[in-house]
Amino acid sequence: MSILDQIRQRASSSQQHIVLPEGEDPRTVAAASAAARHRLARITILGSEDKIRTAAQQTGSDLGGVEVIDHTRANDFDKMVSLLYEARRAKGMTLDEARNALRDPLYYGDLMVRSGRADGSVAGATNTTSHTVRAALHCIGVRSGFKLVSSFFVMALRDQTVGHNGAMIFADCGVVIEPSAAELAEIAIASADSCRALLSAEPRVAMLSFSTKGSARHRLIDKVVEATRTVKARAPQIEIDGELQADAALLPVIAESKAPGSRVAGRANVLIFPDLQSGNIAYKLTERLAGAAAIGPILQGLDRPANDLSRGCKAEDIIDAIAITAVQAQARKATS
């Protein structure tokens, strides 16, 4: 069973309520229909009911079991305006600005998540990543004790001997461009939680660099070493080591010579890259040269789950994102 099949199975075992704000998009409508049919989640889609029904006809989608809300006419629209205003007034938002923002379905959907009316949101099929992430930050906010939102990919490799049965977490490959040592530590802690949630495995986190255990000296290496120390202080339960080169993190025979005695080296299932350049390049190379499936980017660090899609996504990609978001919601409830 593939990692995606496992995630879908877990999603359907305890249905969560996922809101899809871009309900007028035909791909979103088709995905909502399929997710409801396969019982991956309880689905709400937002938008003009007439446009949603037209999209359903165009795609041959049955919306039985899918809740449709025209958020601009919703009975609780004014309540949601007040909720956003109270959340953002300290940042200078006025009541009129909150009302205008709520006309955007992303804001309404993410406020459904904030208020507990939904367990997670999926958007980005028709909106940019920056807008999707901004709405989630404004409406849901970051986790307690965290300062930033980051992202990760689940990499499903053909070689089942690496990672967790061939599955690994790569972070951050999509959001934080040049993290500081403190931010890199947050990415590592969030990624460890994501490993538990989506891979059902105890994380073994490798903090990657171009040096292993002092084999080279440079300020870029110092950042990785400092981030590793910070994680050990903030979350001593996490198995983490660094700095490690990629071969030392993945291959036992290399680990024995480069990092003897390490509990992570040669066994890592979470790879933390020192910056977005290296992470983005690595996941694309792994996908294209090793034939791995790259699932993501998946957001982490938010107080409640919200995920971003590529604007070039297919309905199948939205269905996968729904299942992933549902499993993240399950994990949040299990630890809260």
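The preceding data block contains the structure.
As the structure is a prediction and not an experimental result, all values here were calculated from the model. (Residues numbered from 1 in each chain as written. Predicted model: local features only at pLDDT ≥ 70, side-chain atom pairs only at ≥ 80, totals over all residues. Heavy atoms only, no water.)

Chemist: Help me understand the overall build of the chain in this model?
Modeler: Check the secondary structure of the chain and you find 13 helices and 11 strands. Its C-alpha atoms give the chain a radius of gyration of 21 Å, near enough to 20 Å, the size a compact globule of 336 residues would have. For the chain, the spread of C-alpha atoms along the principal axes amounts to about 65 × 45 × 30 Å. A total of 336 residues make up the chain; the buried ones form 54% of that total. Of the contacts formed within the chain by residues at least 6 apart in sequence, a portion of 72% connects residues at least 24 apart. With an accessible surface of roughly 15,100 Å², the chain has 48% of that area assigned to carbon and sulfur atoms. (Helix = DSSP H or I, 4+ residues; strand = E, 2+ residues; numbered from the N terminus. Rg over C-alpha atoms; globule rule 2.2 N^0.38 Å. Buried < 20%, exposed > 50% of the residue type's maximum accessible area, 1.4 Å probe, protein only. Contact = heavy atoms within 4.5 Å. Areas by Shrake-Rupley, 256 points an atom, 1.4 Å probe, with all protein chains shown as cover.)

Chemist: Explanation requested: the packing of helix H1 (residues 3-13) against helix H8 (residues 181-199) in the structure shown.
Modeler: Relative orientation and spacing of two packed helices are given, respectively, by the angle between their axes and the distance between those axes. Two numbers describe how H1 lies on H8: the axes approach to 10 Å, and their chain directions differ by 80°. Relative to H8, the element H1 lies roughly perpendicular. Where H1 approaches H8, its residues Ile 3, Ile 7 and Arg 10 are matched on the opposing element by Ala 197, Leu 198 and Leu 199. When grouped by side-chain class, the residues that make up the contact of H1 with H8 number 5 nonpolar, no polar and 1 charged. (Axes fitted to C-alpha atoms, helices over the stretch in contact; angles between N-to-C directions. Parallel < 35°, antiparallel > 145°, perpendicular 65-115°, else oblique. Nonpolar A, V, L, I, M, F, W, Y, C, P; charged D, E, K, R; others polar.)

Chemist: I tried to follow the pairing of strand E7 (residues 204-208) on my own but got confused; where do I start?
Modeler: Successive side chains on a regular strand alternate, one facing one side of the sheet and the next facing the other. Summarising burial for E7: 5 of the 5 residues are buried, a large majority. Of the two faces of E7, the one carrying Arg 204, Ala 206 and Leu 208 and the one carrying Val 205 and Met 207 are both buried. The pairing of E7 with strand E8 (residues 239-244) spans 5 bridges and is classified as parallel. Directly across from Leu 208, in E8, lies its bridge partner Leu 244. (Pairing = 2+ DSSP bridges.)

Chemist: Any chance you could explain the packing of aromatic side chains here in plain terms?
Modeler: Note on aromatic pairs: each is described by the distance of the centres and the angle between the planes. Per the counting criterion, the structure on display carries 2 aromatic pairs. When the ring of Phe 153 is compared with that of Tyr 283, the centres are 3.9 Å apart and the planes differ by 20°; the resulting orientation is stacked. In this pair, Phe 153 sits in strand E5 (residues 150-156) while Tyr 283 sits in helix H12 (residues 276-289), placing the two residues 130 residues apart along the sequence. An identical accessibility class is assigned to Phe 153 and Tyr 283; each is buried. For Arg 234, the ring lying beneath its charged end belongs to Phe 146, and the centroid distance is 5.6 Å. (Phe/Tyr/Trp six-rings, centres within 6.5 Å; stacked < 30°, edge-to-face > 60°. Lys NZ or Arg CZ within 6 Å of the ring centre and 35° of its normal.)

Chemist: In this structure, what is going on with unusual backbone geometry? I would like to understand it.
Modeler: Only a minority of non-glycine residues have a phi that is not negative, and only a minority of peptide bonds are not trans. A cis amide bond links Ala 171 to the next residue, Asp 172, at an omega of -15°. The residue after Gly 242, namely Glu 243, is reached through a cis peptide bond having omega 5°. Take Glu 243: it is sitting in strand E8. One non-glycine residue, Lys 213, adopts positive backbone phi at about 55°. Looking at the element boundaries, Lys 213 is found in the loop between E7 and helix H9 (219-234). In this structure Lys 213 comes out as partly exposed when scored by relative accessible area, which is 43%.

Chemist: Any chance you could explain the sheet that holds strand E3 (residues 66-69) here in plain terms?
Modeler: Consider a sheet: its strands pair through backbone hydrogen bonds, and that pairing is either parallel or antiparallel. The parallel open sheet is built from 5 strands, whose spatial order is E3-E2-E1-E4-E11. The open sheet has two edge strands with one neighbour each: E3 and strand E11 (306-308). Strand-to-strand twist across the sheet, computed as the mean angle between neighbouring axes with direction ignored, equals 20°. Examined bridge by bridge, strand E4 (residues 120-123) and E11 share 3 bridges and lie parallel to one another. Looking at E11, one finds that Ser 121 is bridged to Ala 306. Where helix H6 (residues 105-114) meets the sheet, its contacts fall on strand E1 (17-20), strand E2 (42-46), E4 and E11, and the angle it forms with E2 comes to roughly 150°.

Chemist: Got a minute to help me understand the sheet that holds E8 in this structure?
Modeler: With mixed pairing, the 6 strands of this open sheet are ordered in space as E8-E7-E9-E6-E5-E10. Two strands in the sheet have a free side with no partner beyond their single neighbour: E8 and strand E10 (293-300). Neighbour-to-neighbour, the strand axes of the sheet open up by a mean angle of 20°, direction not taken into account. Relative to E10, E5 is paired through 6 bridges, and the arrangement is antiparallel. Paired with Ser 150 across the strands is Gln 300, a residue of E10.

Chemist: Teacher, can you tell me more about helix H2 (residues 26-37) here?
Modeler: In a regular helix each residue adds 1.5 Å, so 12 residues correspond to 16 Å; H2 covers 17 Å between its end C-alpha atoms and thus fits that length. Considering only its buried residues, H2 is in contact with E1, E2, helix H3 (49-59), E3 and helix H13 (315-335). The positive-phi residue at the C-terminal boundary of H2 is Arg 39, with phi of around 55°. (Expected span 1.5 Å × (residues − 1).)

Chemist: Help me understand the nonpolar core, please; the structure alone is not making it clear to me.
Modeler: Inside soluble globular proteins, nonpolar side chains tend to come together where they are buried. Judged by nonpolar contacts, the single largest core of 65 residues is most densely connected at Ile 43, Ile 45, Val 154, Val 205, Met 207, Ile 272 and Ile 322. Examining the composition of this core, we find that 10 residues originate from one element, H8, more than from any other. The residues touching Ile 272, leaving out its near neighbours within four places in the chain, are Ala 171, Leu 184, Ile 187, Ala 188, Ser 191, Val 205, Ala 206, Met 207 and Leu 208. Grouped together as the second largest cluster of nonpolar side chains are 29 residues, Ala 74, Met 80, Leu 102 and Ala 118 included. (Core = buried A, V, L, I, M, F, W, Y, C linked by side-chain atoms within 4.5 Å.)

Chemist: Where do I start with the pattern of salt bridges in this structure?
Modeler: Pairing is possible between side chains of opposite charge, provided their charged atoms come close. If you walk through the whole model with that rule in mind, you get 19 salt bridges. Salt-bridge contacts for Arg 196 lead to Glu 202; the nearest nitrogen and oxygen are separated by 3.5 Å. Under the relative-accessibility criterion, Arg 196 is labelled partly exposed at 26%. (Salt bridge = Lys/Arg side-chain N within 4 Å of Asp/Glu carboxyl O.)

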